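Given next are the chains, with one letter for each unit.
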Amino acid sequence: MKFMHEPDCIFCEIVAGKRSADIVYQDPEIVAFKDAKPAAPIHILIVPRKHIATLNDISPDDNILAAVGRAAQKIALDCGVAQKGYRLFINVNKGGGQVVFHLHVHLISKAID
Ligand code: AMP
Ligand code: ZN
């Protein structure tokens, strides 16, 4: 197994294929899937395969957020919202609303025709 998985981490389980998810994008560093409780018509979670608990835990030499940004560009194009517009955000720790402690970026867009 290329990536270390944290026991009892639901996003590690999705990355490992042990829990189902509606996956919309994958590359060697990233898995992205639909949020189970979408807050908008398009709500995708962009998740590094590697278990990193929070944004605070990214190593100084880790370029994972660049990989997330590249994935977001592709997902936005695929979902047809690249030009219409979308929002990316990261919740950090409980005070920031983080519930799942495996780093993820929310990609949200209203459906505007
Ligand atoms: P956060 O508050 O940033 O930690 O966001 C966690 C998000 O993960 C929430 O929007 C949940 O709806 C979503 N979520 C939790 N479990 C799952 C799952 N098994 N599949 C898809 N989305 C999930
Ligand atoms: Zn994890």
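The coordinates are above.
Bear in mind that the values here come from a model prediction, so they are computed numbers and not experimental data. (Residues numbered from 1 in each chain as written. Chains lettered and ligands numbered in written order. Predicted model: local features only at pLDDT ≥ 70, side-chain atom pairs only at ≥ 80, totals over all residues. Heavy atoms only, no water.)

To continue, consider the coordination of the zinc ion (ligand 2). Every protein donor of the zinc ion (ligand 2) is accounted for by Cys9 (SG), Cys12 (SG), His51 (ND1) and His102 (ND1), and the metal-donor separations fall at 2.0 to 2.3 Å. Coordination at the zinc ion (ligand 2) is tetrahedral, judged from the four donor atoms that bind it and the angles of 104 to 115 degrees they form at the metal. Read in sequence order, the donor residues for the zinc ion (ligand 2) give the motif C-x2-C-x38-H-x50-H. Of the two residues, Cys9 is situated in the segment before helix H1 (10–15) and His51 in the loop between strand E3 (42–48) and helix H2 (64–78); the sequence distance between them amounts to 42 residues. The pair formed by Cys9 and His51 is uniform in burial state, with each residue classed as buried. (Donors = N, O, S within 2.8 Å, 3.2 Å for Na, K, Ca; no water. Tetrahedral: all angles 85-135°; square planar, octahedral: opposite > 155°, others 65-115°. Helix = DSSP H or I, 4+ residues; strand = E, 2+ residues; numbered from the N terminus. Buried < 20%, exposed > 50% of the residue type's maximum accessible area, 1.4 Å probe, protein only.)

Another aspect to go through is the sheet that holds E3. With antiparallel pairing, the five strands of this open sheet are ordered in space as E1-E2-E3-E5-E4. Because the sheet does not close on itself, it has two edges, and the strands there are strand E1 (23–26) and strand E4 (87–89). Going across the sheet, the axis of each strand differs from the next one's by a mean of 20 degrees, ignoring polarity. As defined by bridge partners, strand E2 (residues 30–34) adjoins E3 across five bridges and the pair is classed as antiparallel. Residue Phe33 lies in a different strand from E3, and its bridge partner there is Leu45. Contacts between H2 and the sheet are confined to E1, E2, E3, E4 and strand E5 (105–109), with E3 contributing the most and set at about 150 degrees to the helix. (Pairing = 2+ DSSP bridges. Axes fitted to C-alpha atoms, helices over the stretch in contact; angles between N-to-C directions. Contact = heavy atoms within 4.5 Å.)

The full set close to ligand 1 counts 16 residues, and Asp35, Gly97, Val99, His104 and His106 are the nearest of them. Within the backbone of Val100, an N or O atom sits 2.9 Å from an oxygen atom of ligand 1. A distance of 2.7 Å separates an oxygen atom of ligand 1 from a polar atom in the side chain of His104. For ligand 1, the protein covers 81% of the area, taking 510 Å² as the surface of the free molecule. Of all the secondary-structure elements, those providing two or more residues to the shell around ligand 1 are H1 and E2. The leading source of residues in the shell around ligand 1 is H1, at three residues. Across the shell around ligand 1, the residue classes tally to eight nonpolar, five polar and three charged. (Near = heavy atom within 4 Å. Polar contact = N/O pair within 3.5 Å; in protein donor to acceptor, adjacent residues only side chain to side chain. Areas by Shrake-Rupley, 256 points an atom, 1.4 Å probe, with all protein chains shown as cover. Nonpolar A, V, L, I, M, F, W, Y, C, P; charged D, E, K, R; others polar.)

Further remarks concern the packing of aromatic side chains. Each aromatic ring pair is described using two quantities: the centre-to-centre distance and the angle formed by the ring planes. For the coordinates displayed, the defined rule picks out one aromatic pair. For the ring pair Phe11 and Phe33, a centre distance of 5.3 Å and an interplane angle of 80 degrees mean the geometry is edge-to-face. Taken together, the residues span a long stretch of sequence, with Phe11 in helix H1 and Phe33 in strand E2 at a distance of 22 residues. The exposure class assigned to Phe33 is buried, which follows from its relative accessible area of 3%. (Phe/Tyr/Trp six-rings, centres within 6.5 Å; stacked < 30°, edge-to-face > 60°.)

This paragraph deals with the pattern of salt bridges. All chains considered together, the criterion is met by three salt bridges. Residue Glu13 pairs with Arg19 through a salt bridge whose shortest N-O separation is 3.0 Å. Its relative accessible area of 39% is what places Arg19 among the partly exposed residues. Note that Asp22 is salt-bridged to Lys34, the shortest N-O span being 3.7 Å. (Salt bridge = Lys/Arg side-chain N within 4 Å of Asp/Glu carboxyl O.)

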